[in-house]
Amino acid sequence: MATETLHGLLGAVVFAALVVSAALTLLVSYRVIKGPTVPDRVVALDTIGTNVVAIAVLYSMLTWQGYFIDVSVVLAIIGFISTVTVARYVTEGDIIE
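Residues numbered from 1 in each chain as written. Predicted model: local features only at pLDDT ≥ 70, side-chain atom pairs only at ≥ 80, totals over all residues. Heavy atoms only, no water.

Engineer: Describe the environment of Phe-80, naming the residues involved and giving the relevant values.
Structural biologist: In this fold, Phe-80 is placed in helix α3 (residues 67–92). By relative accessible area, Phe-80 is classed as exposed at 58%. Residues Phe-80 and Ala-44, spaced 36 residues apart in sequence, show a C-alpha to C-alpha distance of 13 Å. (Helix = DSSP H or I, 4+ residues; strand = E, 2+ residues; numbered from the N terminus. Buried < 20%, exposed > 50% of the residue type's maximum accessible area, 1.4 Å probe, protein only.)

Below, the structure is given as structure tokens:
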């Protein structure tokens, strides 16, 4: 089962979504580098994290390898915690009270 891939229209749609997500991740990296403000960079990094999760799920769907779902759940949790932490640091200047 691990060597099978999606065929037909569903496979083409999943592959197209994979390509679009990867391209958008590269485009958003410009905003991480250029800024202009720290909140812009934080939102761009959060977008990259979300796109990486989407890429892992789409790749899992395309190749029938379920362990990428576990990887994407862990990445989503880490991304959420890091975004909340950075947002708190930006707004309050301190993470731990």
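Engineer: I'd like a description of the packing of aromatic side chains, backed by residues and values.
Structural biologist: Going through the model one piece at a time under the given rule, you end up with 2 aromatic pairs. Taking the centre distance of 5.0 Å and the plane angle of 90° together, the rings of Tyr-59 and Phe-68 count as edge-to-face. We classify Phe-68 as partly exposed; its relative accessible area is 22%. (Phe/Tyr/Trp six-rings, centres within 6.5 Å; stacked < 30°, edge-to-face > 60°.)

Engineer: Explain the environment of Val-52 to me, and be specific about the residues and the numbers.
Structural biologist: Looking at the element boundaries, Val-52 is found in helix α2 (residues 38–63). On the accessibility criterion, Val-52 (33% relative accessible area) is partly exposed.

Engineer: Break down the packing of α2 against α3 for me, with residues and values.
Structural biologist: Across the interface, α2 lies against α3 with an axial gap of 9 Å and an inter-helix angle of 175°. What the angle tells us is that α2 and α3 run roughly antiparallel. Taken together, the residues of α3 that come into contact with α2 (itself represented by Val-38, Pro-39, Val-42, Asp-46, Val-52, Val-53, Ala-56, Val-57, Tyr-59 and Ser-60) are Phe-68, Ile-69, Ser-72, Leu-75, Ala-76, Gly-79, Thr-83, Val-86 and Val-90. Residues of the contact of α2 with α3, tallied by class, amount to 14 nonpolar, 4 polar and 1 charged. (Axes fitted to C-alpha atoms, helices over the stretch in contact; angles between N-to-C directions. Parallel < 35°, antiparallel > 145°, perpendicular 65-115°, else oblique. Contact = heavy atoms within 4.5 Å. Nonpolar A, V, L, I, M, F, W, Y, C, P; charged D, E, K, R; others polar.)

Engineer: Give a detailed account of the environment of Gly-49, specifying residues and quantitative values.
Structural biologist: Relative to the helices and strands, Gly-49 resides in helix α2. Gly-49 sits in the partly exposed class, given a relative accessible area of 32%.

Engineer: So, the pattern of salt bridges: which residues are in play, and what are the values?
Structural biologist: Tallying each qualifying case throughout the model produces 1 salt bridge. With its nearest N and O atoms 3.4 Å apart, the salt bridge here joins Arg-88 to Glu-92. Placement of the pair is Arg-88 and Glu-92 together in helix α3, with a separation of 4 residues, close to one helical turn. A relative accessible area of 30% means that Arg-88 is categorised as partly exposed. (Salt bridge = Lys/Arg side-chain N within 4 Å of Asp/Glu carboxyl O.)

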